[in-house]
Amino acid sequence: QVQLMESGGGLVQPGGSLRLSCAASGSIFRINNMGWYRQAPGKQRELVARITSSGSTNYADSVKGRFTISRDNTKNTVYLQMTSLKPEDTAVYYCNVYEAIRASHYWGQGTQVTVSS
């Protein structure tokens, strides 16, 4: 099993920045895709950003140009740098990793991001 530990959420004013981190640990074979999803109250969980093992990235249209996903394969850690935050970015952010060899997705416990003045 793979465990994910997220950190970095909190309260920030509009226009501010936050950096989320997610470290994977446990019985890891090889992590393929890593990503961040978010879920706002009353809404479905949505993909925010994803990065492959080779570094290719894709983003939700709503965060392009403001968020940057990156990973450190030596630490099995994925990051999400969020800038120019808006109130509509308020949500619980979840880390997700995928191991192809096990065909398994793993989820973090979620970290709250609140953008408010």
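Everything here concerns the structure above.
Just so it is clear, the structure is predicted and the values come from calculations on it, not from any experiment. (Residues numbered from 1 in each chain as written. Predicted model: local features only at pLDDT ≥ 70, side-chain atom pairs only at ≥ 80, totals over all residues. Heavy atoms only, no water.)

A.B. asks: Help me understand the state of the cysteines in this model?
C.D. replies: A covalent bond bridging the sulfur atoms of two cysteines is what the word disulfide describes. Counted by the stated rule, this structure contains one disulfide. Note on cysteine connectivity: cysteine 22 is disulfide-linked to cysteine 95, with sulfurs 2.1 Å apart. Disulfide cysteine 22-cysteine 95: torsion about the S-S bond near -80 degrees, hence left-handed. With a gap of 73 residues between them, cysteine 22 in strand E3 (residues 18-26) and cysteine 95 in strand E9 (residues 91-99) connect regions that are remote in the sequence. Assigned by exposure class, cysteine 22 and cysteine 95 land together as buried. (Disulfide = S-S within 2.5 Å. Helix = DSSP H or I, 4+ residues; strand = E, 2+ residues; numbered from the N terminus. Buried < 20%, exposed > 50% of the residue type's maximum accessible area, 1.4 Å probe, protein only.)

A.B. asks: How should the pattern of salt bridges be read in this particular structure?
C.D. replies: Any two side chains of opposite charge can pair, on the condition that their charged atoms come close. For the coordinates displayed, the defined rule picks out five salt bridges. The salt bridge partner of glutamate 46 is arginine 38, with a shortest N-O separation of 2.7 Å. Residue glutamate 46 is classed as partly exposed on the basis of its relative accessible area, which comes to 35%. Linking arginine 38 and aspartate 89 is a salt bridge whose minimum nitrogen-to-oxygen distance equals 3.0 Å. Within this pair, whereas arginine 38 is found in strand E4 (residues 34-39), its partner aspartate 89 is found in the loop between strand E8 (77-82) and E9, the two being separated by 51 residues in sequence. With respect to class, arginine 38 is no different from aspartate 89; both count as buried. Beyond isolated ion pairs, a larger network of salt bridges with shared partners links Arg38, Glu46, Arg66 and Asp89. (Salt bridge = Lys/Arg side-chain N within 4 Å of Asp/Glu carboxyl O.)

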